[in-house]
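# Notes for the structure review
Each chain, written out:
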Amino acid sequence: MQSDPSKRAGAAAAIEMLRENSLATLAQRELERQIVSGEIAVGSKLNEADIANALGVSRGPVREAFRALDQAGLVRVEKNRGVFVRQVTLAEANQIYEVRAALEGLIGKLAARRIDTEEVEQLRAVVKKMAAQDKARKAEAYFALNVEFHDILARAARNGALLTHYRRVVNELDLYRRETISRSTENIPISTREHEAIVTAVSRRDEKLAERLLTEHVLQSRERLHGALA
């Protein structure tokens, strides 16, 4: 018994759509990684054809990835000019810091309530690595550890919606912070002590203290960054 040609065509179209969506997601994740890590510099123009060739995909998935990155605040699409890695201004960074402070406070409160023992140990291990970086003042290594620390906390809050919003804000802010992190290495020991205090509060299930410490940590980080720029 032969199958219906229209059904075969429909199935093929569905498989192709699934394949294109999967490739678009993979392209988005790889471009996001390169942008956040600094491999693709802030302000760079993204060439659709070049990226498609580099990733080994057609231009369709790359186009979809650009749309997703635009919605995530990592790139800007300029009509008749192309797609560029977003440059965050000082004024925009100030606003994003305020949003992050509020989100981090909530993360601290929920993480203190819901974190498990393994996650507390993960945080302690990251802080230990941070302390080792103090002596060398390795800005890039410290930056990566800081991202890891806060992402562990965000996941420990056990709130998917909060995690999604938090990661978008962090990605936007990292576009600004990565350009300036090397100018503020003298603040690494101060930041490390703040992270140590946060781990202590969370491990003791002190929700109010964890909320306050994380909110203050973000706002103080903003002030330290402003001081370094000045």
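Read on for an overview of the structure. Everything numeric in this text was worked out from a predicted model, so none of it was measured. Throughout this description, residue numbers start from 1 for each chain and increase along the sequence as written. Where totals are concerned, whole chains, interfaces and linings use all residues; where local detail is concerned, this predicted model gives features only for residues with pLDDT of at least 70, and gives and counts side-chain atom pairs only at 80 or more. The basis for every side-chain value is the complete set of non-hydrogen atoms in the structure, without hydrogens or water.

Those residues of helix α2 (residues 48-55) not exposed but buried are E48, I51 and A52. One side of α2 holds all its buried residues, which, seen down the axis, span an arc of 100 degrees. Opposite the buried face of α2, at more than 90 degrees from it, the exposed residues are D50, N53 and A54. For helices the rule is a DSSP run of H or I covering at least 4 residues; for strands it is a run of E covering at least 2, with both sets numbered from the N terminus onward. Two residues or fewer past α2, G56 is found with a positive phi of approximately 75 degrees. Think of it in three bands: residues with accessible area under 20% of the maximum for their type are buried, residues over 50% are exposed, and the middle band is partly exposed, with areas taken using a 1.4 Å probe on protein chains only. What the arc covers is the set of directions going from the helix axis to the C-beta atoms.

Salt bridge, as applied in this entry: a Lys or Arg side-chain nitrogen positioned within 4 Å of an Asp or Glu carboxyl oxygen. Here the structure, examined in full by the defined rule, presents 21 salt bridges. R33 is paired through a salt bridge with E30; the nearest N and O atoms lie 2.8 Å apart. Here R33 and its partner E30 are both found in helix α1 (residues 5-37), 3 residues apart, which amounts to about one turn of the helix. Among the residues examined, R33 registers a relative accessible area of 39% and is labelled partly exposed. Between R124 and E121 there is a salt bridge, and its shortest N-O distance comes to 2.8 Å. Placement of both R124 and E121 in helix α5 (residues 117-136) is noted, with a separation of 3 residues, approximately one turn of the helix. For E121, a relative accessible area of 41% translates into the label partly exposed. Look at the salt bridges and you will find they share partners, linking R86, E92, R168 and E172 into a network.

What follows covers the nonpolar core. The biggest cluster of nonpolar side chains holds 60 residues, and the ones touching the most others in it are L46, F149 and L153. For this analysis, residues touch if any pair of their heavy atoms sits within 4.5 Å. Sequence-distant contacts of L46, defined by excluding residues within four places in its chain, comprise I40, I51, F66, V75, V83 and V85. To define a nonpolar core, start from buried Ala, Val, Leu, Ile, Met, Phe, Trp, Tyr and Cys residues and group those joined through side-chain atoms within 4.5 Å.

Looking now at the pairing of strand β3 (residues 82-85). Remark: a regular strand shows side chains that alternate across the two faces of the sheet. Any two strands between which DSSP finds at least two bridges are classified as paired. Looking at chain direction, strand β1 (residues 45-46) and β3 are connected through 2 bridges and run antiparallel. Note that in β3 the partner of L46 across the bridge is V83. Sheet analysis places strand β2 (residues 75-78) next to β3, joined by 4 bridges and oriented antiparallel. Across the sheet, R76 pairs through a bridge with F84, a residue of β3.

To continue, consider the environment of A139. Within the fold, A139 resides in helix α6 (residues 139-156). A139 gets classed as buried once you look at its relative accessible area, which sits at 13%.

The next thing to look at is helix α3 (residues 59-71). Under the convention used throughout, the expected extent of a helix is 1.5 Å for every residue step, that is, one less than its residue count. The end-to-end C-alpha separation of α3 is 19 Å, in line with the 18 Å expected for 13 residues at 1.5 Å each. Buried within α3 we find P61, V62, A65, F66 and L69. All buried residues of α3 lie within an arc of 145 degrees about the axis, which places them on one face of the element. G73 lies just past α3 and shows a positive phi near 80 degrees.

Here we come to the side chain of E194. As for its placement among the helices and strands, E194 is situated in helix α8 (residues 188-203). Within the structure, E194 has its side chain in polar contact with the side chain of R224 (distance 2.8 Å). When residues no more than four places from it in sequence are discounted, the contact partners of E194 are H217, Q220 and R224. Contacts described as polar in this section are N or O atom pairs within 3.5 Å, which, within protein, must combine one atom able to donate a hydrogen with one able to accept it, while residues neighboring in sequence count only if both atoms come from side chains.

In this structure, H217 sits in helix α9 (residues 207-229). Residue H217 is classed as buried on the basis of its relative accessible area of 5%. Setting aside residues no more than four positions away along its own chain, H217 makes contact with N146, H150, S191, E194, H195, I198 and R224.

What follows covers the packing of α2 against α3. Lines fitted to C-alpha atoms define the axes here, with helix axes fitted over just the stretch in contact, and angles between the N-to-C directions of these axes take values from 0 to 180 degrees. Following both chains from N to C, one finds α2 and α3 inclined at 115 degrees, their axes separated by 9 Å at the closest point. Between α2 and α3, the interaxial angle falls into the category roughly perpendicular. Along this stretch, α2 crosses α3, giving a crossing that reads as right-handed. Residues E48, A49, I51 and A52 of α2 lie in contact with α3, whose contacting residues are R59, V62, R63 and F66. If an angle is under 35 degrees, it is roughly parallel; if it is over 145, roughly antiparallel; if it lies from 65 to 115, roughly perpendicular; otherwise it is oblique. Should the near helix be turned anticlockwise from the far one by less than a right angle, the crossing is left-handed, and should it be turned clockwise, the crossing is right-handed.

On to the sheet that holds β3. Read across the sheet, 3 strands follow the order β1-β3-β2 without closing on themselves; strand pairing throughout is antiparallel. Here the strands that pair on one side only, and so sit at the sheet edges, are β1 and β2.

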